[in-house]
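# Residue-level structural notes
Single-letter residue listing:
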Amino acid sequence: MTASKKKTGTALPAHDTIARRLAEILIKLSRGESVTPEGLAQEFNVHLRTIQRDLNSRLRALPWVKKDGRYSLDPAVLGRLTYTNVDRLVSLTGLQGMFPTLSKEFLNTLFASQDPPAWLVKGPHYQDPSGYGEVFSALQQAIEEGRLISFRMADRTSRVYEGVAPYRLINMKGVWYLAAVHHGRCKTFGLSKLEAVHRSDDGFNKDPQTEAWIQQLDGVWHSQEDRSVVLAVSPEAAPYFHRRPLLPHQKITRQDEDGALEVTTTVGHPNQVLPVVRYWIPHIRIVSPPEWQADLEQSLRSYLSGCMADAGASQLFNSLASSNTDSQRS
């Protein structure tokens, strides 16, 4: 067997994850190196615009020193990128839930230039955050300072929200949201729909219960009055529910001899459950609350009736068109 020839140089494969690329850039900068967007694009085998987004948006909060097209860190912060810093970064980005272990040795492997790496992460698509970097920074500062904010919705309503207490910036499935309290109610707002963010001089005291509730958010559909939901899962779909949680706070409370499952969850809105149920039809059914199952069945009936009506209209149109063609021929 011929030994494979190891590639030389520091170029990384094109499929490298964004987390690894940003970590490599941070380490270079912490060592006192200066970098150029062109050089990084060539090294990581990505488009120049991707690196420009890394430097000017994703890492925009760094104390940059820019000279003659080169980027470096302010000398005052050099050497501060430690294992503790990296561990905190991993925790904030949610990577600790992706791997079975995140030991110091594992993180060292994360930053190593082995080619190819022993693992590959192919995550979901992410919303391009470059268009609302200023909004992100303003919200982050307001959260850290505990100051109320106001903003306008960048949609057809153009609604203005005032006296909003910002609690947390949350990334859900690649999309950034603001979790906040407005008029005593917890709400989430998509960052891409916010504009004219203004930080007030008025502050607010964060409620520990609201903080704990936000920590457990599993989606943008929510309510402070959670509902317990019970589902019946057929043996055909059961292995997928065993493999990983498909629902927020999912618990398997019973398994029958044939492999069927009883699954329970606690959610704040039906839309945290219904998309999963629709996906697994006919292998899943809502046992409780029964009105959710009834509403689902009614929506399916309406959908099928609409499809049948469309099919009937199409058939009638084709019939009329065919008759008209026959008439013209005669």
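Now for a description of the structure that goes with this document.

## Brief notes about unusual backbone geometry
Following Ile-281, the chain continues to Pro-282 via a peptide bond in cis, the omega torsion being 10°. Tracing the chain through its elements places Pro-282 in the loop between helix H9 (274-280) and strand S11 (284-288). The omega torsion across Ser-288 and Pro-289 is 0°, close enough to zero to call that bond cis. On the secondary structure map, Pro-289 appears in the loop between S11 and helix H10 (290-329). One non-glycine residue with positive phi stands out, namely Ser-158, at about 55°.

## Remarks on the packing of aromatic side chains
A full pass over the atoms with the stated rule returns nine aromatic pairs. When the centroid spacing of 5.4 Å and the interplanar angle of 25° are considered together, the rings of Phe-151 and Tyr-161 count as stacked. Of the two residues, Phe-151 is situated in strand S3 (residues 147-153) and Tyr-161 in strand S4 (residues 160-172); the sequence distance between them amounts to ten residues. Neither Phe-151 nor Tyr-161 differs from the other in exposure class; each is buried. Each ring, one from Tyr-279 and one from Trp-280, has its centre 5.4 Å from the other, and the planes form 75°; the classification is edge-to-face. On the basis of relative accessibility, which here comes to 15%, the residue Trp-280 falls in the buried class. Pairwise contacts between aromatic rings join Tyr-240, Phe-241, Tyr-279 and Trp-280 into one cluster.

What counts as what
In this numbering scheme, every chain counts its residues from 1 along its sequence in written order. Note on the predicted model: pLDDT of at least 70 is required for a residue's local features to be given, and 80 or more for side-chain atom pairs to be given and counted; whole-chain, interface and lining totals, by contrast, use all residues. Where side-chain values are given, they derive from all heavy atoms of the structure, hydrogens and water being excluded. For the purposes of this entry, the term helix denotes a DSSP run of H or I that reaches at least four residues, the term strand denotes a run of E that reaches at least two, and both are numbered from the N terminus. Each Phe, Tyr or Trp ring, with Trp reduced to its six-membered ring, pairs with another whose centre is within 6.5 Å; inter-plane angles below 30 degrees give stacked pairs, above 60 give edge-to-face pairs, and intermediate values give tilted ones. Per-residue accessibility, obtained with a 1.4 Å probe over protein chains only, is compared with the maximum for each type, and a residue is labelled buried under 20%, exposed over 50%, and partly exposed between these values.

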